[in-house]
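The chain contents come next:
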Amino acid sequence: MFKELNPPSRVLMGPGPSDVHPRVLKAMATPLIGHLDPSFLQIMNETMELMRAVFETKNELTLAMSGTGSSGMETVFVNLLEPGDKVVIGVNGLFGERMVDVAERCGAEVIRIEASWGDIIRPEQVEEVLQEHAGVKAVAVVHAETSTGALQPLSEISQLVHEHEALLIVDAVTSLGGVKVGIDENEVDACYSGTQKCISAPPGLSPVTFSKRAAEAMAKRKSKVQSWYLDLSMIQNYWGQERFYHHTAPISMNYALREALRIVMEEGLENTWERHWKLGRALQSGLEGMGLSLHVAENIRLPQLTSVYIPDGVEDTLVRKQLLEQYGIEIGGGLGALKGKVWRVGLMGFSCQPRNVLLFLAALEEVLAQQGAHVRRGEGRTIAAEIIQK
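Scoring rules and cut-offs
- Residues numbered from 1 in each chain as written.
- Predicted model: local features only at pLDDT ≥ 70, side-chain atom pairs only at ≥ 80, totals over all residues.
- Heavy atoms only, no water.
- Helix = DSSP H or I, 4+ residues; strand = E, 2+ residues; numbered from the N terminus.
- Rg over C-alpha atoms; globule rule 2.2 N^0.38 Å.
- Buried < 20%, exposed > 50% of the residue type's maximum accessible area, 1.4 Å probe, protein only.
- Contact = heavy atoms within 4.5 Å.
- Areas by Shrake-Rupley, 256 points an atom, 1.4 Å probe, with all protein chains shown as cover.
- Expected span 1.5 Å × (residues − 1).
- Pairing = 2+ DSSP bridges.
- Axes fitted to C-alpha atoms, helices over the stretch in contact; angles between N-to-C directions.

K.L.:
Which residues make up the overall build of the chain, and what values go with them?
P.N.:
Across its full length, the chain holds 13 helices and 14 strands. Over its C-alpha atoms the chain spans a radius of gyration of 21 Å, differing by no more than 12% from the 21 Å that the globule rule assigns to 390 residues. Taken across its 390 residues, the chain has 59% of its residues classed as buried. For the chain, contacts bridging at least 24 residues in sequence account for 73% of all contacts bridging at least 6. Summing over all exposed atoms, the chain offers an accessible surface of approximately 16,900 Å²; the carbon and sulfur share of this is 51%.

Below you can see the structure in the form of structure tokens.
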């Protein structure tokens with residue numbers, strides 16, 4: 001006989017998922033209604049308005065795709081790209097590589113712009129490629145590269161993209177709700193995110209938004225979208241005024257997203273960003289105060305996802321195992337080129353709290369000392385506490 005479900009209590013400080021707000025969990029326990037029930041259609045309308053507010057956009061085509069952030073990525077690419085289309089993709093980490101894979105599966109001609117893992121894509125790189133290649137349909141970048149902790153500036157790249165009459169695609173899976181995305185301000189044409197990072201809901205939905213230019217490009221397609229499930233020409237009829245059935249919406253996840261976005265707006269977008277920046281600085285300064293080194297330069301560093309170098313002689317997996325088993329803290333290891341070289345520490349959404357910063361610094365200090373690593377005992381916590389109290 002299987003026992004009642006009773007997973008261990010964890011403090012989720014990895015690259016995602018983050019801890020879910022108790023109000024979101026409560027919303028998920030709300031009784032189900034039908035996906036065409038007038039009450040649920042009203043919930044969908046409210047959720048769309050909240051998504052527009054958090055995306056900072058007036059885009060009519062703003063909705064939540066059924067699936068995690070990767071479903072949002074596929075939604076954007078399969079609807080905008082047709083076989084033979086040229087797309088420029090910035091690759092400075094794992095999720096840039098993933099965009100390349102998805103675009104190639106659409107039959108697109110992919111033109112890569114490379115940067116080292118932990119760096120950003122520079123506007124001059126984009127300009128050079130757009131001058132060399134005529135007829136580029138879209139340029140795609142990762143706003144918050146989860147594999148490294150780098151924050152990609154958007155404004156200059158957006159201007160260059162539109163000067164060449166291309167569409168700007170942005171991955172905001174880790175950034176939405178944690179730092180300013182500014183869809184309308186940065187003239188982003190298509191953007192996707194996820195619920196499990198700074199929005200603090202469980203994984204399961206992907207908010208997406210499309211500009212009028214992107215919607216017009218989709219309307220001019222000459223071929224069918226390769227994915228029936230992700231075909232926006234049908235899905236937008238369910239989220240729009242027609243309410244035409246496409247697939248059964250995940251009711252409880254929509255409850256969760258609505259409540260999570262409501263919490264973000266109650267706190268206020270700018271207050272939410274400031275909380276992430278302040279506590280991110282506290283964590284990063286505390287790690288450096290311990291004597292550890294960070295992977296990403298300070299001027300392009302995310303506040304909600306920090307890559308810290310593993311000290312020489314320290315066993316990566318053993319530290320993460322001890323943190324999990326002894327303190328109930330989950331952090332992430334490095335991916336790809338950074339595997340075994342860094343830890344990735346998240347401060348996202350409901351996990352972004354002062355107590356988690358100080359708890360993690362104290363726990364990491366103790367575990368590293370047990371492994372014989374040289375750390376400056378107590379200094380990291382003192383520095384972090386001073387920043388938190390300001």
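K.L.:
Which residues make up helix 9 (residues 251-267), and what values do they have?
P.N.:
With 17 residues, helix 9 should reach 24 Å at 1.5 Å per residue; the first-to-last C-alpha distance of 25 Å fits that figure. Buried within helix 9 we find Ile251, Met253, Asn254, Tyr255, Ala256, Leu257, Glu259, Ala260, Leu261, Ile263 and Val264. Residue Gly268 follows helix 9 closely and has a positive phi angle near 100°.

K.L.:
A description of the pairing of strand 10 (residues 205-210) should follow, citing residues and the corresponding values.
P.N.:
Taking burial as the measure, the six residues of strand 10 include six buried ones, the bulk of the element. The alternating pattern of strand 10 places Leu205, Pro207 and Thr209 on one face and Ser206, Val208 and Phe210 on the opposite face, and all of these are buried. As defined by bridge partners, strand 2 (residues 61-66) adjoins strand 10 across six bridges and the pair is classed as antiparallel. If you follow Leu63 over to strand 10, its bridge partner there is Val208. Note that strand 9 (residues 190-192) and strand 10 share three bridges and pair antiparallel.

K.L.:
I'd like to hear about the sheet that holds strand 14 (residues 342-346), residue by residue, with values.
P.N.:
Strand order across the open sheet formed by three strands is 11-14-13, with antiparallel pairing between neighbours. In this open sheet, the two edge strands, each paired with only one partner strand, are strand 11 (305-309) and strand 13 (332-333). In the sheet, strand 13 pairs with strand 14 via two bridges, with the strands oriented antiparallel. Pairing of Gly333 across the sheet is with Trp343, part of strand 14.

K.L.:
Lay out the sheet that holds strand 4 (residues 109-114) in plain terms, naming residues and giving numbers.
P.N.:
Ordered by their spatial adjacency, seven strands build an open sheet running 2-10-9-8-5-3-4, and the pairing between neighbours is mixed. In this open sheet, the two strands that pair with only one neighbour each are strand 2 and strand 4. For this sheet the average axis-to-axis angle between neighbouring strands, irrespective of direction, equals 20°. Its contacts with the sheet put helix 4 (residues 94-105) on strand 3 (86-91), strand 4, strand 5 (136-142), strand 8 (167-171) and strand 9, and the angle it makes with strand 3 is roughly 160°.

K.L.:
Before we move on, could you go through the environment of Leu283 and cite the residues and values that matter?
P.N.:
Within the element layout of this structure, Leu283 appears in helix 10 (residues 269-290). Residues Leu283 and Lys339, spaced 56 residues apart in sequence, show a C-alpha to C-alpha distance of 22 Å. Those residues in contact with Leu283 that lie beyond four places of it in its chain are Thr306, Val345, Leu347, Val357, Phe360 and Leu361.

K.L.:
For the environment of Ser175, give the residues involved together with the corresponding values.
P.N.:
Following the sequence through the fold, Ser175 ends up in the loop between strand 8 and strand 9. What makes Ser175 buried here is its relative accessible area of 0%. With 30 residues separating them along the chain, Ser175 and Glu145 place their C-alpha atoms 8.7 Å apart. Residues within four places of Ser175 in sequence aside, it is in contact with His143, Ala144, Val181 and Gln304.

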